[in-house]
Number of protein chains: 2
Amino acid sequence: MDSKQQFLNLSEDAKETFLPHLSADPVIFGFDQNELKVLLVKMNYRKQWMLPGGYIGKHEDLDEAMMRILKDRAGITGVYVEEFAVFGKKNRSEFYFEDFDETLFHKQRFITIGFYALYNASKLHPVPDELSETCEWVFLSQLPDIELAMDHREIIDKALLTLREKISIKPIGYNLLPEKFTLSELQKLYEVILGKELNRGNFYRKIKNLGILKKLDEQRRGGAHKSPDLYTFDEENYAKALENGLNSW
Amino acid sequence: MDSKQQFLNLSEDAKETFLPHLSADPVIFGFDQNELKVLLVKMNYRKQWMLPGGYIGKHEDLDEAMMRILKDRAGITGVYVEEFAVFGKKNRSEFYFEDFDETLFHKQRFITIGFYALYNASKLHPVPDELSETCEWVFLSQLPDIELAMDHREIIDKALLTLREKISIKPIGYNLLPEKFTLSELQKLYEVILGKELNRGNFYRKIKNLGILKKLDEQRRGGAHKSPDLYTFDEENYAKALENGLNSW
């Protein structure tokens, strides 16, 4: 079946099933090999790259819809996502479905709700849906070379900005780093998210002040340098910091 | 005209004008007499208190809609608002329009987009629309005694939580305090937003470290105590901090 026919076949059913004018787009960041990736699909239609977004069921809570969309489009479950912004320019989806007339469900004006999450990429195994040729992790550093549909680049940028703000008020790293890690590995995670190098002394001092780390009586052996101390997260304090926020006044 | 008839009259026109299933609710916080207030309307219909929300025009950007809604419902212009959360439980508006049948525009399922702002309440003068008996500032401390429609209490709580998080990563106070203020006045603003008392010494140290204040060669005279120094915001550094965020790693 050609990719255009796929949409025509889905359209009538979509009108029955989903709310009009509303979509949701997940920006799932993956941390992998000390880099950030984002989960994208390459659609059969026009071979275009985009976020694996979807629609909201008429009888579905928004939270349920977000989880179901990730499962439907990317085969991913068990990922906790958070809403971060709404994209509502009136012409944001106008030119995407040029080959169709206005009766296509997918061609209407959509206000899209962006949701995001950051996970260890090596633990999530994306599976494309029938509309997509592939669903895969793309390094952020590769994004400039890829043409993204509609305003999806802006959605990814805004999600990254939100993640960078969040890192000032919430702890990060649990589930991303191995159970035991060095301060230098944790610093690398922060640097990757912030997109800049950090001063080592300042970082060590600040991160220790948060009280979320436990120093282990153990060192990472084998490097050329002095064996660095290993740390683990203090689960109780980490959970408290997640709940109450950091840098509180 | 009775309040029920008002909705019946508006319904058909609303179907032509607005997107279905989508609404927007503004949470405008006012700072006044060292307290926080929120802007509410009391509807003619059921004399119910709620946020002065509205709908999104079919040919209107979301940003435009948010500003227009504030103007229509509360007579307020020139307020810069920010989206903070989406409320999408499937039954969130189910019981509100019990006196109407399903053909009423206002009775459908709405996913609502929350937007918020914090302003000097004494500079904003709300004017009720024709659907409302009154549009006024209500102190947060009075909210527990008021019955709010639907999930509007949850929306206000979430907006306040967002404001509290924001205060850790963005400077606050410009446009809320007089041009010259004491550190103790600024501390009061932070305490009101955070809903807790702060240690004076810690607060003074932290706020000075942000680099957004200029100490004036002037004191506030007239109190029983030693005349406190007056400060003003360093506009350039304040703008930079707004742009880049505080507490940066």
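Each value, and the rule that gives it
- Residues numbered from 1 in each chain as written.
- Chains lettered and ligands numbered in written order.
- Predicted model: local features only at pLDDT ≥ 70, side-chain atom pairs only at ≥ 80, totals over all residues.
- Heavy atoms only, no water.
- Least-squares fit on C-alpha atoms with pLDDT ≥ 70 in both.
- Contact = heavy atoms within 4.5 Å.
- Phe/Tyr/Trp six-rings, centres within 6.5 Å; stacked < 30°, edge-to-face > 60°.
- Helix = DSSP H or I, 4+ residues; strand = E, 2+ residues; numbered from the N terminus.
- Buried < 20%, exposed > 50% of the residue type's maximum accessible area, 1.4 Å probe, protein only.
- Lys NZ or Arg CZ within 6 Å of the ring centre and 35° of its normal.

Looking now at the relation of the copies chain A and chain B. Two copies of one chain are present, and they are related through a rotation about an axis combined with an axial shift. Rotating chain A by 180° and moving it 0.0 Å along the rotation axis overlays it on chain B with an RMSD of 0.0 Å. Such a turn and shift between the copies fits a two-fold axis. Take the interface residues of chain A: 100% of them recur as interface residues in chain B, which is what a same-surface contact looks like.

With the rule as written, the count across this model stands at 42 aromatic pairs over all chains. Plain terms: the ring middles of F7 of chain A and F100 of chain A are 6.0 Å apart, the flat faces sit at 75° to each other, and that makes the pair edge-to-face. Linking F7 of chain A in helix α1 (residues 3-17) with F100 of chain A in the loop between β5 (82-87) and β6 (111-120), this pair joins segments that are 93 residues apart in sequence. Here the two residues F7 of chain A and F100 of chain A agree in accessibility, since each one is buried. Judged by centre distance (5.0 Å) and plane angle (85°), the rings of Y55 of chain A and F105 of chain A are edge-to-face. One end of the pair, Y55 of chain A, is in strand β4 (residues 54-57); the other, F105 of chain A, is in the loop between β5 and β6, and 50 residues separate them in sequence. Take Y55 of chain A: its relative accessible area is 17%, and that puts it in the buried class. An aromatic cluster is defined as three or more aromatic residues linked by ring pairs; in this entry it consists of F7, Y45, Y96, F97 and F100 of chain A. A cation sits over an aromatic face here: R46 of chain A above Y96 of chain A, 5.9 Å from the ring centre. The side chain of K4 of chain B reaches across the aromatic face of F100 of chain B, ending 5.5 Å from its centre.

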